[in-house]
Amino acid sequence: MSLPKSAPVALPLRRLASLPPLSLYIHLPWCLRKCPYCDFNSHEVRGDVPWERYVDALVADLESVLPLVWGRRVYTLFIGGGTPSLFPAESIDRLLGAVRARLPLDASAEVTLEANPGTFELEKFRAFRDAGITRLSVGVQSFDTAALKALGRVHDADEARAAVEGALALFERVNVDLMYALPGQSPEQALADVSTALGLGARHVSAYQLTLEPNTVFHRYPPVLPDEDGAELIEQAVHGRLAEAGLERYEVSAFAAAGHRARHNLNYWTFGDYIGIGAGAHAKLSLPDRIFRQVRHRQPQRFIDTAIAGDAVSEQHDVESSQMGFEFMLNALRLVEGVPVALFAERTGLPINAIGPALDAAEARGLLQRDHLAMRPTALGLRYLNDLVSLFLPDSE
Ligand SMILES: C[S@@+](CC[C@H](N)C(=O)[O-])C[C@H]1O[C@@H](n2cnc3c(N)ncnc32)[C@H](O)[C@@H]1O
Ligand code: SF4
C-alpha cells in the first residue's frame, strides 16, 4: 500500500503529542596534535590546558539549559572531541557527578567517551570506567604504522592494538573508528585493518572513507588517494568483511553485532532531542509547539568566558516547518532499515503528506522504498545519499 500523495502545502506545526528521548553531548576540544585531515573543532594542546576551568564552564553551560529540559530524563550521554581521553580522569569524574546532580540520568544510560590510542593508559581508562563511562569509542583509523604516519596520527600500530585490547578488557561496549581509502591504500591493506579490529574482538566498527575537508592541511596539500573506482572496491571489501563477521551495517558508516548499536547516535538519526554543551556544541530541542537549534561559541577560551557568564549560546533558531522534512530525512535516511512512517509526525509535528511529493520522487528514482509502516533508503539510495536527501530540500519540491 502506498502513502496518500498530495501537493506540497505550507503546513502549520501541530503540537507534539510527546517529546522525543533526550541525549546529552559534551564537547572537549583539545588534542595532542591536530591531524591534517580533521575539520572538527579541535585544538592542539599548547602549554597548560585549563581542565578544571573548562569543567566549570560546562557545568555553568548545563545549568543555563536546564529550564529548557525541565523534568526530562537523559538516556544517552556522549563525551566527544577533540580527544576527551586527554582530560584527567578526575575531571571526567567531577563532570559526570555534576551532570548527575543536575539532570536525571537514566540508570541504564549509555555513557560514551571518545579516546585516542595516543592517550591510552590502563589505569586512567579504569578510572574513566569507575567515573561512570560505560562505552569507549577508540579513534584507531588504521593498524598500519606507515598509514598512521601518513595520516599524521600521534600513535603507531602497537599503540592502536594496545588501546583496543585495553578498551575491550575494561568495557563491554567499544567502538573502533577506522578510515579507509587512505593515501596509496590497496583493498588488502584496508581489509587487514578490519580483520585486526575483528580479531581483537570489536563488536562495533565505524568505517569512514577518508574525505578531504575544506580548511584542513590535506585540502591544501592533498595526498594521492585511491580514485573513485579504487575507493569503491575498498569500500565493498570492507563492508563485506564486516558482514561476514556478523557486524551488520545499520547506518551509512556504522556496523554492529546484535546488541551493540550506538544508542546515542541512533537518537540523532531518529530525530531525537539533544542538549549540546561545550565549545561549538550543537543542540536540538523540542518544546510542545516548536523545535529549535542552538550552537555554542566555538573558540575554547571564548566558550569558557561566555559559559561562566551564563550565555555560551552564539546562535539559536527555530526549525521552520518548511525545513523540517529535510532535517528529519537527512538523519533518518542514514539508517539502513529506515524509520517507521509514524515517526515523522511524532518527531516533527507535521503530517507525512508534508513530504509526500519528495517521497514520490525518491521512490520513482529507485532511491527509497516505503509501505504503510516504514520508509527506508534502497541500496541505490544509500550509495547516492546526498542526491536522495536533497529531494527533501524545501525548494526542490
Ligand atoms: C571526532 S573524531 C573522534 C576521535 C578522536 N578524536 C581521534 O581522532 O582519535 C571521529 C572520527 O571521525 C573520523 N574522521 C575525522 N575526520 C575525517 C575525514 N576527513 N574523513 C573521514 N573520516 C574522518 C575518524 O575516524 C575519527 O575517529
Ligand atoms: S585526534 Fe581526532 S579530533 Fe583530534 S585532530 Fe585528530 S581526528 Fe581531529
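Bear in mind that the values here come from a model prediction, so they are computed numbers and not experimental data.

S.K.: I'd like to hear about the domain arrangement of the protein, residue by residue, with values.
M.R.: You can read the domains of the protein as domain 1 (22–267) and domain 2 (338–397). Distance between the C-alpha centres of domain 1 and domain 2: 30 Å.

S.K.: Could you give me a rundown of the sheet that holds strand β15 (residues 339–340), with the residues and numbers involved?
M.R.: The sheet built from 3 strands is open, its strands ordered β15-β17-β16 with antiparallel pairing. Edge positions in the sheet fall to β15 and β16 (368–370), since each has one partner strand and no second. With 3 bridges joining them, β16 and strand β17 (residues 374–377) adopt antiparallel strand pairing. In the strand pairing of β17, Gln369 is matched with Arg376. Contacts between helix α13 (residues 356–364) and the sheet are confined to β16 and β17, with β16 contributing the most and set at about 115 degrees to the helix.

S.K.: Please set out helix α6 (residues 187–200) residue by residue, giving values where relevant.
M.R.: End to end, α6 covers 20 Å across 14 residues, agreeing with the expected 20 Å (1.5 Å per residue, within 8%). Within α6, the full set of buried residues consists of Pro187, Ala190, Asp193, Val194, Thr196 and Ala197. Where α6 ends, the next residue or the one after it, Gly201, has phi of about 110 degrees, a positive value.

S.K.: Please provide a residue-by-residue account of the site of ligand 2, values included.
M.R.: Around ligand 2, the neighbouring residues are Cys31, Lys34, Cys35, Cys38, Phe40, Ser42, Gly81, Gly82, Thr83, Asn116 and Gly139. For the shell around ligand 2, the class distribution of residues is 4 nonpolar, 6 polar and 1 charged.

S.K.: I'd love a proper account of the packing of α6 against helix α8 (residues 228–244), names of residues and values included.
M.R.: Packing of α6 against α8 brings their axes to within 9 Å, and their N-to-C directions diverge by 25 degrees. Overall, the two elements α6 and α8 adopt an arrangement that is roughly parallel. Our pair here, α6 against α8, has a crossing hand that is right-handed. Mapping the contact onto sequence places Pro187, Ala190, Leu191, Val194 and Ser195 in α6 and Leu233, Ile234, Ala237, Val238, Arg241 and Leu242 in α8. Residues of the contact of α6 with α8, tallied by class, amount to 9 nonpolar, 1 polar and 1 charged.

What counts and what doesn't
- Residues numbered from 1 in each chain as written.
- Chains lettered and ligands numbered in written order.
- Predicted model: local features only at pLDDT ≥ 70, side-chain atom pairs only at ≥ 80, totals over all residues.
- Domains from an automatic or database assignment.
- Pairing = 2+ DSSP bridges.
- Helix = DSSP H or I, 4+ residues; strand = E, 2+ residues; numbered from the N terminus.
- Contact = placed C-beta atoms within 7 Å.
- Axes fitted to C-alpha atoms, helices over the stretch in contact; angles between N-to-C directions.
- Expected span 1.5 Å × (residues − 1).
- Buried ≥ 20, exposed ≤ 12 C-beta atoms within 10 Å, placed from the backbone.
- Near = placed C-beta within 6 Å.
- Nonpolar A, V, L, I, M, F, W, Y, C, P; charged D, E, K, R; others polar.
- Parallel < 35°, antiparallel > 145°, perpendicular 65-115°, else oblique.
- Left-handed = near helix turned anticlockwise from the far one by under 90°.

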